[in-house]
There are 2 protein chains.
Amino acid sequence: MLVSYSTLFQFTKNTFLQMGCSEQHAQMATTVLLSADVRGIDSHGVARLSGYVRLWEAGRINATPNIRVVHETPSTAVVDGDAGLGLVVAPYAMNVAIQKAQQCGTGWVSVQNSNHFGIAGYHAMMALEYDMIGIAMTNASALVAPTFSIEKMLGTNPIAVAIPAGKQPPFVADFATTTASNGKLEILQRKNQAAPLGWVQTVNGEPTTDAAILKSGGAMLPLGSDREHGSHKGYALGSIVDIFSAVLSGASYGPWVPPFPAYVPMPENMPGKGLGHFFGAMRVDAFRPAEDFKHHMDNWIERFRNAKPVNEAQKVLIPGDPERELESIRMKSGIPLLEPVVNDLRNIAQKMNIDTGF
Amino acid sequence: MLVSYSTLFQFTKNTFLQMGCSEQHAQMATTVLLSADVRGIDSHGVARLSGYVRLWEAGRINATPNIRVVHETPSTAVVDGDAGLGLVVAPYAMNVAIQKAQQCGTGWVSVQNSNHFGIAGYHAMMALEYDMIGIAMTNASALVAPTFSIEKMLGTNPIAVAIPAGKQPPFVADFATTTASNGKLEILQRKNQAAPLGWVQTVNGEPTTDAAILKSGGAMLPLGSDREHGSHKGYALGSIVDIFSAVLSGASYGPWVPPFPAYVPMPENMPGKGLGHFFGAMRVDAFRPAEDFKHHMDNWIERFRNAKPVNEAQKVLIPGDPERELESIRMKSGIPLLEPVVNDLRNIAQKMNIDTGF
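Remember, predicted model here, so these are calculated numbers, not experimental data.

Section: the pairing of strand β2 (residues 68-73) of chain B
Residue and element names in this part refer to chain B.
Point 1. Two strands pair when backbone bridges link them, and β2 and strand β3 (residues 76-80) are joined in this way by five bridges, in the antiparallel orientation. Bridge pairing in β3 places T73 opposite T76.
Point 2. Between the end of β2 and the start of β3, which pair antiparallel, lie two residues.

Structural data, given as structure tokens:
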């Protein structure tokens, strides 16, 4: 089913309003959540709305949070999300980073006591209109086994970096620090298809193509898949995201990150509060004149776009190209929703006593 | 052959002194270069000394550089390395980052007009004694093909992140953004052994196990190896390192980075000056009290060290463990040098009219 952006926006916003969010927060949360759907990261958009509702029902999301800076220096801050929607806490924190960057060149904000924040790319891209480089990362519930381990210790812990250009569209990298995102794994499960070797392992640490292996104790693998192909690098990257997001801020980390499914009990002896995020903003003119920087970014992008391809039919892409293309299509022709997602949204509508509008 | 640290130090320092480096610069360059040998990253230590000498002979390294800050804000700076040894330029720039962090929480320095800087980990670790997180990265001569490409566009562009702990040793990640480092590939070539599939590709972009394939037009692969296993993420990471190091600073980037072998002609139409680096320093107490942070880092490290292993014989490692272990062994019992490296060093000694001391 294809649903227009504006219809889906109104329904999603009404859901957040029914949860008790303010007009401003509902608007923001909806904008962030749907940025995943329009950019083609379907696993992080309205497919997760029912998950947010259940966390709210379980009392794990505060619809009226008092989000605030609890510690700061000229270029840094720690933000307490007061258990609010990450979809609202994250833009608040990114704005703090941007303001710090306006004052002293760069701004860096670590966040405690938050929840899932949608796609990292949205927050990183907030910096672009200020001629800043934006950085966003978050920890998440443990699904990933470190190299040499069978225990799920890290989330898929994504990193996003958005870099402004001049005539060219911006460079926007946004990726999980695993071989494949959990979203891709979920799609294979739904289709009952096998995963490529190197995405997941069994409960005993053996290679497998079973996309549903996490249900029987398996784990996702860090970027690199195995030691010989650099999984210790993916493990290090996921660890850095965890430490910057949570050990710096006072959020919970590693295997103690609160689970997204509301029916999974909270970990015992949590060492911090809620999920953690980390944001950065760097003014490009804190390094060289913005026009020089953008001119050279255009040159960089054009040169890489024209790198000699393996096949002429598949040119080299710049990070952000596929998502931007999907965005322009979906804003015009609508967002495709799978049947289980449509049913999920209808259930929310019934529960919240609102119309889906489709 | 095993050579003691102090013998190798004296010889290496004498080489830099004969190049015309000041006493202080020779001392610093030697300390940085040998940190690779003692930490087991043999490809980046004295094995490269003859390469530096040849670059100096070719007039591409300035032994008496006027290294200076050419642009700054409270939390940022651009450093011009004046074509000096990266081994000297990088610690200068990292110190600027540390000073900025002391003033306003964090410091971020992009460097133009430099040369190869040894191992990234050395520079990142400079932050540790100040209770700061250190970050270091550099671009390098193009050996790596982006996803979907057969053209060498990026260097192995390493990233290092050093994070202080309390009772535990620090977390020190230091890795090339490729599946395997060029050093590992060189070792396989020397031994005439095959590389695992996924490390390199042929001139036509086909999979190969030929460790010497770069000599016949092949390329190294980004972390992830192929599209299905996330090579677009490794390509994005290597690109971010290139842009932060060079597009921000005014250094040369992508396929225009100056080659390390002095016999390879300089690229035409270089868009910037020399190699680029990027450094960051973040005071942990710019986020939370340093003692709290270190307590939780200890907890993080202990929990991950005790993650359930696949085999009891191979426990889960913390980034930096293998290098620290080698360092303690090699500082006591000496640094093993392969025969071609010994011959290389003897040739330098003859050319420079100094003793090797071994």
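Concerning helix α2 (residues 23-38) of chain A
Think of an α-helix as turning once every 3.6 residues; residues three or four places apart then point the same way.
Residues and elements named next belong to chain A.
Point 1. Helix length check: α2, at 16 residues, gives a terminal C-alpha distance of 22 Å against a target of 22 Å (1.5 Å per residue), a fit within 8%.
Point 2. Looking at α2, one finds that the buried residues are H25, A26, A29, T30, V32, L33, L34, S35, A36, D37 and V38.
Point 3. In this fold, the buried residues of α2 make contact with α1 (5-18), α3 (49-57), α4 (86-104), α5 (120-125), α9 (321-333) and β12 (335-336).

Comments concerning the pattern of salt bridges
Point 1. One pass over the structure, following the stated rule, counts 22 salt bridges over all chains.
Point 2. With its nearest N and O atoms 2.8 Å apart, the salt bridge here joins B:D321 to B:R324. Of the two residues, B:D321 and B:R324 are both situated in helix α9 (residues 321-333); the distance of three residues between them amounts to about one turn of the helix.
Point 3. Bridged by salt links that share partners, the residues A:R305, A:D321 and A:R324 form one connected network.

Some remarks on the sheet that holds β2(B)
Residue and element names in this part refer to chain B.
Point 1. In space, the seven strands of this open sheet follow the order β2-β3-β4-β11-β5-β6-β7, with mixed pairing throughout. Looking at which strands have only one partner, the edges of the open sheet turn out to be β2 and β7 (171-175). Taken pair by pair, the neighbouring strands of this sheet meet at an average axis angle of 10°, ignoring direction.
Point 2. Sheet topology places β3 next to strand β4 (residues 106-114); five bridges connect them, and they run parallel. Residue pairing for β4: A77 is matched across the bridge by V109.

Description of the packing of α1(A) against α3(A)
All names here are of chain A.
Point 1. One way to put it is that α1 packs onto α3 with a least axis distance of 11 Å and a crossing angle of 5°. Taken as axis vectors, α1 and α3 run roughly parallel relative to one another. Every residue of α3 that contacts α1 at F11, T12, T15, F16 and Q18 is listed here: L49, V53 and W56.
Point 2. Residue composition of the contact of α1 with α3, grouped by class: five nonpolar, three polar and no charged.

Some thoughts on the packing of aromatic side chains
Point 1. In this structure the tally under the stated criterion is 23 aromatic pairs over all chains.
Point 2. Consider the rings of A:F278 and B:F287, whose centres lie 6.3 Å apart with planes at 50°: the pair is tilted. Placement of the pair is A:F278 in strand β11 (residues 275-283) and B:F287 in the loop between β11 (275-283) and α8 (290-305), with the two residues belonging to separate chains.
Point 3. Take A:F278: its relative accessible area is 1%, and that puts it in the buried class.
Point 4. Residue classification places B:F287 among the buried positions, given a relative accessible area of 2%.
Point 5. Note on B:W108 and B:F278: the rings are 6.1 Å apart at their centroids and 25° apart in plane angle, and the pair reads as stacked. Of this pair, B:W108 sits in strand β4 while B:F278 sits in strand β11, and the two are 170 residues apart along the sequence. Like B:W108, the residue B:F278 is buried in the burial classification.
Point 6. Through successive ring pairs, a cluster of aromatic residues spans A:W108, A:F244, A:F278, A:F287, B:W108, B:F244, B:F278 and B:F287.
Point 7. For the cation-ring pair, B:R303 lies above A:W256, with the distance from its terminal atom to the ring centre recorded as 5.9 Å.

Conventions adopted
- Residues numbered from 1 in each chain as written.
- Chains lettered and ligands numbered in written order.
- Predicted model: local features only at pLDDT ≥ 70, side-chain atom pairs only at ≥ 80, totals over all residues.
- Heavy atoms only, no water.
- Pairing = 2+ DSSP bridges.
- Helix = DSSP H or I, 4+ residues; strand = E, 2+ residues; numbered from the N terminus.
- Expected span 1.5 Å × (residues − 1).
- Buried < 20%, exposed > 50% of the residue type's maximum accessible area, 1.4 Å probe, protein only.
- Contact = heavy atoms within 4.5 Å.
- Salt bridge = Lys/Arg side-chain N within 4 Å of Asp/Glu carboxyl O.
- Axes fitted to C-alpha atoms, helices over the stretch in contact; angles between N-to-C directions.
- Parallel < 35°, antiparallel > 145°, perpendicular 65-115°, else oblique.
- Nonpolar A, V, L, I, M, F, W, Y, C, P; charged D, E, K, R; others polar.
- Phe/Tyr/Trp six-rings, centres within 6.5 Å; stacked < 30°, edge-to-face > 60°.
- Lys NZ or Arg CZ within 6 Å of the ring centre and 35° of its normal.

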